[in-house]
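Okay, here's what each chain looks like letter by letter:
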Amino acid sequence: MLNVRTLSRAHKLVGLVIGLQLLFWTASGLFFTLFPIEQIRGEHLRREPVPVDLTSLETLARPDVELAAQRVELRQVLDRPVWLVKGDGWSALYNVETGEQLSPLGEAAVRQIALSAWAGDGDIASVQRVTSPPREAFSTKPLWRVQFEGADNATFWVDAEEARVTAVRTAKWRVFDVLWRFHIMDVTGDDRFDSWWLKIAAFLGLTSVMLGIGLLIQRAMKGRLLK
């Protein structure tokens with residue numbers, strides 16, 4: 001069995017290597033427990049979608065689609081039902097009465113969509129089309145960035161092809177995202193849990209804990225636990 005001095009040196013050496021990451025894990029884990037995940041995702045700032053109302057329609061026209069469609073569904077957009085048609089890497093909206101294509105929508109429609117989905121306290125400060133959205137949008141397609149300011153500051157990312165809010169981002173979410181990347185040691189930006197960096201750090205962290213437990217046991221056996 002290793003003596004107290006050897007255990008102590010090994011514990012200090014491993015602690016020097018993994019100590020900073022252990023601090024990141026503890027600090028980020030504490031932050032994750034402070035706020036409900038629904039609040040981090042901004043769900044309290046988004047209204048539930050309105051059910052599709054077909055009572056005022058006399059006929060339904062097939063969408064005028066030239067490309068092969070993989071999915072067709074009815075959606076309620078700006079108080080009227082529309083067809084949402086999705087294909088391989090594309091999506092579009094169509095008038096349910098005429099079959100005419102409606103998307104991509106312009107700034108005025110995007111502003112109305114964001115306002116209809118907004119459940120927070122504040123007004124729109126800016127609306128901007130972003131061709132290459134940042135990481136927080138989790139999308140590679142062009143989106144509209146709608147910024148709300150007031151008691152509740154939030155960013156709505158709106159897909160003009162599908163007329164929907166794809167993501168809600170707040171200051172808490174951005175802090176969460178940074179801490180999450182430190183927590184899983186995300187050096188590639190792919191949100192992977194199985195990187196070798198994380199495996200090695202987890203192994204060293206476990207080793208540090210086990211050495212600490214062994215050190216406590218040795219000192220307890222020698223009657224030096226609190227000395």
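Just above, that's the structure.
Reading guide: rules and limits
Residues numbered from 1 in each chain as written. Predicted model: local features only at pLDDT ≥ 70, side-chain atom pairs only at ≥ 80, totals over all residues. Heavy atoms only, no water. 1 Å grid on protein atoms, 1.4 Å probe; cavity = no way out; pocket = protein on both sides within 12 Å on 5 of 7 lines; lining within 4 Å. Points joined across faces, edges and corners; volume = space filled by probe spheres on them. Helix = DSSP H or I, 4+ residues; strand = E, 2+ residues; numbered from the N terminus. Contact = heavy atoms within 4.5 Å. Phe/Tyr/Trp six-rings, centres within 6.5 Å; stacked < 30°, edge-to-face > 60°. Buried < 20%, exposed > 50% of the residue type's maximum accessible area, 1.4 Å probe, protein only. Lys NZ or Arg CZ within 6 Å of the ring centre and 35° of its normal. Salt bridge = Lys/Arg side-chain N within 4 Å of Asp/Glu carboxyl O. Pairing = 2+ DSSP bridges. Axes fitted to C-alpha atoms, helices over the stretch in contact; angles between N-to-C directions. Expected span 1.5 Å × (residues − 1). Arc of directions from axis to C-beta.

Draft legend 1. How the structure looks around the layout of surface pockets. Estimates place the volume of the largest pocket at around 520 Å³. Contributing to the lining of the largest pocket are 17 residues, with Pro49, Val50, Gln76, Ser116 and Ala117 lying nearest its centre. Put simply, the parts of the chain that give the lining of the largest pocket at least two residues each are strand 1 (71-77), helix 3 (107-117) and strand 7 (164-169).

Draft legend 2. The arrangement of the side chain of glutamate 136 in detail. Residue placement: glutamate 136 occurs in the loop between strand 4 (123-130) and strand 5 (143-149). Apart from the residues lying within four places of it in its own chain, the contact partners of glutamate 136 are Thr155, Trp157, Arg169, Trp173 and Arg174.

Draft legend 3. Region of the structure containing the packing of aromatic side chains. According to the stated counting rule, one finds nine aromatic pairs in the structure shown. Centre to centre, the rings of tryptophan 118 and phenylalanine 156 are 5.5 Å apart; their planes meet at 70 degrees, and the pair counts as edge-to-face. With a gap of 38 residues between them, tryptophan 118 in the loop between helix 3 and strand 4 and phenylalanine 156 in strand 6 (residues 154-159) connect regions that are remote in the sequence. We note that tryptophan 118, like phenylalanine 156, is buried. Between the aromatic rings of phenylalanine 148 and phenylalanine 156, the centroid separation amounts to 5.1 Å while the plane-to-plane angle is 65 degrees, which identifies the pairing as edge-to-face. Each member of the pair, phenylalanine 148 as well as phenylalanine 156, carries the same accessibility label: buried. Through successive ring pairs, a cluster of aromatic residues spans Phe32, Phe176 and Trp180. The cationic tip of arginine 169 hangs over the ring face of tryptophan 173; the distance from NZ or CZ to the ring centre is 4.0 Å. Sitting over the ring of tryptophan 196, lysine 199 keeps its end group 4.6 Å from the ring centre.

Draft legend 4. Structural context of the pattern of salt bridges. Taken as a whole and assessed by the stated rule, the structure comprises nine salt bridges. Aspartate 159 is the partner of lysine 141 in a salt bridge, and the nearest nitrogen-oxygen pair spans 2.9 Å. Taken together, the residues lysine 141 in the loop between strand 4 and strand 5 and aspartate 159 in strand 6 connect sequence positions 18 residues apart. The exposure class of aspartate 159 is buried, given its relative accessible area of 2%. The partner of arginine 164 in a salt bridge is glutamate 162, with the nearest N and O atoms 2.6 Å apart. Since its relative accessible area comes to 33%, arginine 164 is described here as partly exposed.

Draft legend 5. Representation of the sheet that holds strand 4. Taken in spatial order, the four strands line up as 4-5-6-7 in an open sheet, and their pairing is antiparallel. Every other strand in the sheet has two partners, leaving strand 4 and strand 7 as the edge strands with one partner each. The mean angle between the axes of side-by-side strands here comes to 25 degrees, regardless of whether they run parallel or antiparallel. Here strand 4 runs beside strand 5; their pairing, made up of seven bridges, is antiparallel.

Draft legend 6. View of helix 4 (residues 171-183). The end-to-end C-alpha distance of helix 4 is 18 Å, a good match for the 18 Å that 13 residues give at a rise of 1.5 Å each. Buried within helix 4 we find Trp173, Phe176 and Asp177. End-on view of helix 4: buried residues confined to an arc of 105 degrees, all on one side of the axis.

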